[in-house]
Amino acid sequence: MPVQFTERTQRAIYAWVLIGFAAYLALPWYFLQSGSLLAAMSKLFSEQVSANGVTQAAVHGRAWLWTGMAGLLIAGLGALLPAGRRQGGVLVAGALVGLLGIGVSGFTIGATGWSYEWLNAALGALPQGQFGIGWGGFVVLVCLVMLLGSGIARLGYFRGDVFVAATVVGCAALLCLFVVFPVAKSLAAAFYTEDGNFAIAAVWNRIGTERVWGLGCLRSGVHCGVAWNTLYLALLTAAGTTVLGTMIALISERGSDKRIQKPLSALAMLPIITPPFVVGLGLILLFGRAGIINQLLESWFGVVPSRWFYGVFGVWLAQLFAFTPIAYMIMRGVVQGISPSLEEAAQTLRASRMKTFTTVTLPLLAPGLANAFLVGFIESIADFGNPILLGGDYAVLSTDIFFAIVGASLDQGMAAALALVLTVFALTVFFVQRRILGSTSFTTVSGKGDAGVPMELPTLVRRVCTWVAGPWLAFTVVVYLFAFAGGFVKIWGRDYSLTLVHFKTAFDVQMGEHGLVWAGTAWSSLFTTITLAAIAAPICASIGLLIAWLMARTEFRGKGLFEFSALLTFAIPGTVLGVSYILAFNVPPVELTGTGLVIVLCFVFRNLPVGVRAGTASFKQLDKSLDEASVMLRASSMTTLRRVVLPLLKPALVAALVYSFVRSMTTVSAVIFLVTAEYELATTYIIGRVGNGDYGVALAYCTVLILLMSLVTALIQFFVGERKLGRRRVGANK
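All figures in this text were calculated on a predicted structure; none of them were measured in a lab.

Thresholds applied
- Residues numbered from 1 in each chain as written.
- Predicted model: local features only at pLDDT ≥ 70, side-chain atom pairs only at ≥ 80, totals over all residues.
- Heavy atoms only, no water.
- Helix = DSSP H or I, 4+ residues; strand = E, 2+ residues; numbered from the N terminus.
- Contact = heavy atoms within 4.5 Å.
- pLDDT = per-residue confidence, 0-100.
- Buried < 20%, exposed > 50% of the residue type's maximum accessible area, 1.4 Å probe, protein only.
- Pairing = 2+ DSSP bridges.
- Phe/Tyr/Trp six-rings, centres within 6.5 Å; stacked < 30°, edge-to-face > 60°.
- Expected span 1.5 Å × (residues − 1).
- Patch = residues over 30% accessible without salt bridge, like charges linked within 9 Å, V, L, I, M, F, W, Y side chains within 5 Å.
- Areas by Shrake-Rupley, 256 points an atom, 1.4 Å probe, with all protein chains shown as cover.
- Salt bridge = Lys/Arg side-chain N within 4 Å of Asp/Glu carboxyl O.
- Axes fitted to C-alpha atoms, helices over the stretch in contact; angles between N-to-C directions.
- Parallel < 35°, antiparallel > 145°, perpendicular 65-115°, else oblique.
- Left-handed = near helix turned anticlockwise from the far one by under 90°.
- Nonpolar A, V, L, I, M, F, W, Y, C, P; charged D, E, K, R; others polar.

1. Description of the overall build of the protein chain
- Scanning the protein chain from terminus to terminus reveals 33 helices and four strands.
- Contacts spanning at least 24 positions in sequence make up 74% of the contacts within the protein chain whose residues lie at least 6 apart.

And the structure:
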């Protein structure tokens, strides 16, 4: 490793040690139940609630906190050694002492003493308990994790690259704490009987029933068990969204008329910036028993209105609306990344445009198609809103889980067992995808110049895409027109007089004695939602693309498990994730329930998989020689990532930012159990209005949300921009 790299990483190791010591002295160790951080910092050496780590250990009887200090001291001694394996061993030893000491004490010591009765019996009662970890403890843990990664790199792993090693360890720690731990704690309930005893057979006793696995549909034509219903619907949805998303992306990027590109993108993105129940409501207004279609059929042909729309068809149609934009965002970046020079080479060899498309273009779309299918499948099995609204008697696992949690039975064990089935489905598709793609190379963006002109779609392909995607987008407009109309009429179905009273109720602004007064009832929830979503979106996009980079450019043991952990939050329903966060973060060592931070974390890790999958698809198109050339020019991994790789990932970055922001603004199931009166969100406000029968205000709020998120999406696209691959456009001077 070059000398300047060693000196730079050595300074970073010193910095992590010093920051850790400073956190022990200058920050409150435990989570502040009330008051601000600045106010607490003035009482670091006095009050027990806000004391720093040293004071807590030396004065307030919490001696177990010395383990973190001991770990930093050992790591500090290691930092003074020359760079090499010996230094790495000492750094790893110090980091593990600190992490294990703080971690074990955190999980075994609660607010009143030992968390487990057997510890109390074996070691005696503790005079002091402890609260959830706060800023001081958090910073110390971060420093120890970074020192662990640095030590692993010094031992020779990850080619000695401290940045890569620390990033892998840091991301793994985040996934363990905020994904694996809460989900595992929630799912563990499936293995306990009703009287609290652990039993493997408890899982099968709960799910081995006719309702879950019944095949009565094969004999009598009725619906199958909820597991087969879920799998069937997910396969239909994944196939449909992948096909539609790909067609729209092809028309947008390779269509003959470039003037429709931006309007087409705007229409394709419309469903993703909409609260999930808006699409369902619009479809009900069209196809419901009292909908326009049924009324026309009755008046024209005498067909008696029925509930034919409610069931698998209605849910599938709603899921196509909801998840096609995700497939479109993934496929758009992949289509953009296909090198025109490869297509030009095929045409030079006298291949027709159709032959070129089927033998060159389409195979290069494989990683995007596989990723779009996987995300569509997982989104479908985890979807809760559409099945509960349109499912009728077609039950799926997500709705059964919801009713097990909030129903009269309150059977958390059943909910956990059903969530295990969903996880198995997602894991199966994940490994099938990896098996199909294998080690095939799909590189299309290399370090060589590429000024080719992207090939237009063959006539037949263009017509098929236009005939399928065109009517679909037109249908999208119709559905939304019906949904939006509800916010501008007095009472839908009774009084269609135009009015703005619903908007005034929600978003009234008045001039008071001291200036503007936000008098509308929706302002508080809107401001809270925007703030939390704006915090979560860049964090989610950054972590997602960083994980995608690690998986594409780094080889390490446990890589498959690492990748699946990043996708795990999509493999379970949002309701289960919300309950998991309550169970995991309601007691020490991490107490976050009732705060805005737990909502932000839920946003980040719930939406993380889309950033990971979009980044993974894009990385498969980037030649590794780009990274290698940068390193040969003595750029560090961080510099290479920032100045070479990231500019080529702009479509994936846009997809991750847009998706994480709008899904944070519109999510329901994942946060329904996390909101409080202080942190009411837009979707919970809308649900409350719908529950009260005030559909006008609810739809008015949805209209405002859609306009707001359209503006944010445009701003993200503007500031991030498009990646520049040095290609000519059709019609450019040659």
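2. Notes on the confidence of the model for the protein chain
- Taken over all residues, the pLDDT of the protein chain has a mean of 82, while the share at 70 or more is 90%.
- The lowest-confidence element of the protein chain is helix α11 (residues 216-220), averaging 55 in pLDDT; the highest-confidence one is helix α4 (residues 66-79), averaging 96.
- Long-range and interchain partners of residues 725-734, a stretch whose pLDDT sits below 50, account for 26 contacts in this model, where long-range means more than four residues apart.

3. Description of unusual backbone geometry
- Put simply, Pro588 and Pro589 share a cis peptide bond, and its omega is 15°.
- We note that Phe158 has phi near 55°; this positive angle belongs to a residue other than glycine.
- With respect to the element layout, Phe158 can be found in the loop between α7 (135-154) and α8 (162-187).
- Residue Phe158 is classed as buried on the basis of its relative accessible area of 19%.
- Phi at Arg159 is positive, roughly 60°, even though this residue is not glycine.
- Structurally, the position occupied by Arg159 is in the loop between α7 and α8.

4. Overview of the pairing of strand β3 (residues 509-512)
- The pairing of β3 with strand β4 (residues 515-518) spans four bridges and is antiparallel. For Met511, the partnering residue across the bridge sits in β4 and is Leu516.
- The loop that links β3 with its antiparallel partner β4 comprises two residues.

5. Some details on the packing of aromatic side chains
- Summed over all chains, the structure comprises 32 aromatic pairs.
- An aromatic cluster of at least three residues, connected via ring pairs, comprises Phe287, Trp308, Phe309, Tyr310, Phe313, Trp316, Phe321, Trp472 and Phe475.

6. Considering helix α23 (residues 459-485)
- Across its 27 residues, α23 extends 38 Å between first and last C-alpha, which sits within 8% of the 39 Å expected from 1.5 Å per residue.
- Listing the buried residues of α23 in full gives Val461, Cys465, Ala469, Trp472, Leu473, Thr476, Val479, Tyr480 and Ala483.

7. What to know about a nonpolar patch on the surface
- There is a patch of nonpolar side chains on the surface, built from Ile292, Leu296, Trp300, Phe301 and Val303 and spanning about 510 Å² of accessible area.
- Looking at the secondary structure, you find Trp300 in helix α15 (residues 292-301).

8. Details of the side chain of His502
- Residue position: His502 is located in helix α24 (residues 501-507).
- On the basis of relative accessible area, His502 is assigned to the buried category, the value being 9%.
- Residues within four places of His502 in sequence aside, it is in contact with Gly486, Gly487, Val489, Lys490, Asp694, Gly696, Val697 and Ala700.

9. A few points about α4
- For α4, built from 14 residues, the straight-helix expectation of 20 Å at 1.5 Å per residue is met to within 8% by its first-to-last C-alpha distance of 20 Å.
- Residues Gly68, Met69, Gly71, Leu72, Ala75, Gly76, Gly78 and Ala79 constitute the buried set of α4.

10. Section: the packing of helix α28 (residues 596-619) against helix α31 (residues 650-666)
- Two elements in contact, α28 and α31, have axes separated by 9 Å at closest approach and are oriented at 160°. The orientation of α28 relative to α31 falls into the category roughly antiparallel. Here the hand of the crossing between α28 and α31 comes out right-handed. Taken together, the residues of α31 that come into contact with α28 (itself represented by Phe603, Asn607, Val610, Gly611, Ala614, Gly615 and Ser618) are Ala652, Ala655, Ala656, Tyr659, Ser660, Arg663 and Ser664.
- Considered class by class, the residues forming the contact of α28 with α31 number seven nonpolar, six polar and one charged.

11. Remarks on the packing of helix α12 (residues 226-254) against helix α16 (residues 312-337)
- Packing of α12 against α16 brings their axes to within 6 Å, and their N-to-C directions diverge by 45°. Our classification of the angle between α12 and α16 gives oblique. At the point where α12 passes α16, the crossing takes the right-handed sense.

12. Considerations on the pattern of salt bridges
- On inspection of all chains with the given rule, the structure shows seven salt bridges.
- Note that Lys43 is salt-bridged to Glu47, the shortest N-O span being 3.7 Å.
- A relative accessible area of 41% means that Glu47 is categorised as partly exposed.
- Between Glu253 and Arg332 there is a salt bridge, with its nearest N and O atoms 3.0 Å apart. With Glu253 in helix α12 and Arg332 in helix α16, this pair connects stretches of sequence that are 79 residues apart. This pair shows no difference in class: Glu253 is buried, exactly as Arg332 is.

13. As for the environment of Ala617
- Note on placement: Ala617 falls in helix α28.
- Given the relative accessible area of 0%, Ala617 is considered buried.
- Spatially, the C-alpha atom of Ala617 lies 6.8 Å from that of Asn371, the residues being 246 residues apart in sequence.
- If sequence neighbours within four positions are ignored, Ala617 has contacts with Ile330, Val334, Pro367, Gly368 and Asn371.

14. Some thoughts on the environment of Gly84
- With respect to the element layout, Gly84 can be found in the loop between α4 and α5 (85-108).
- In this structure the C-alpha to C-alpha distance between Gly84 and Gly160, which are 76 residues apart in sequence, comes to 9.3 Å.

15. Regarding the environment of Leu516
- You can see Leu516 is positioned in strand β4.
- Look past the residues within four positions of Leu516 in its chain and what remains in contact with it is Val509, Gln510 and Met511.

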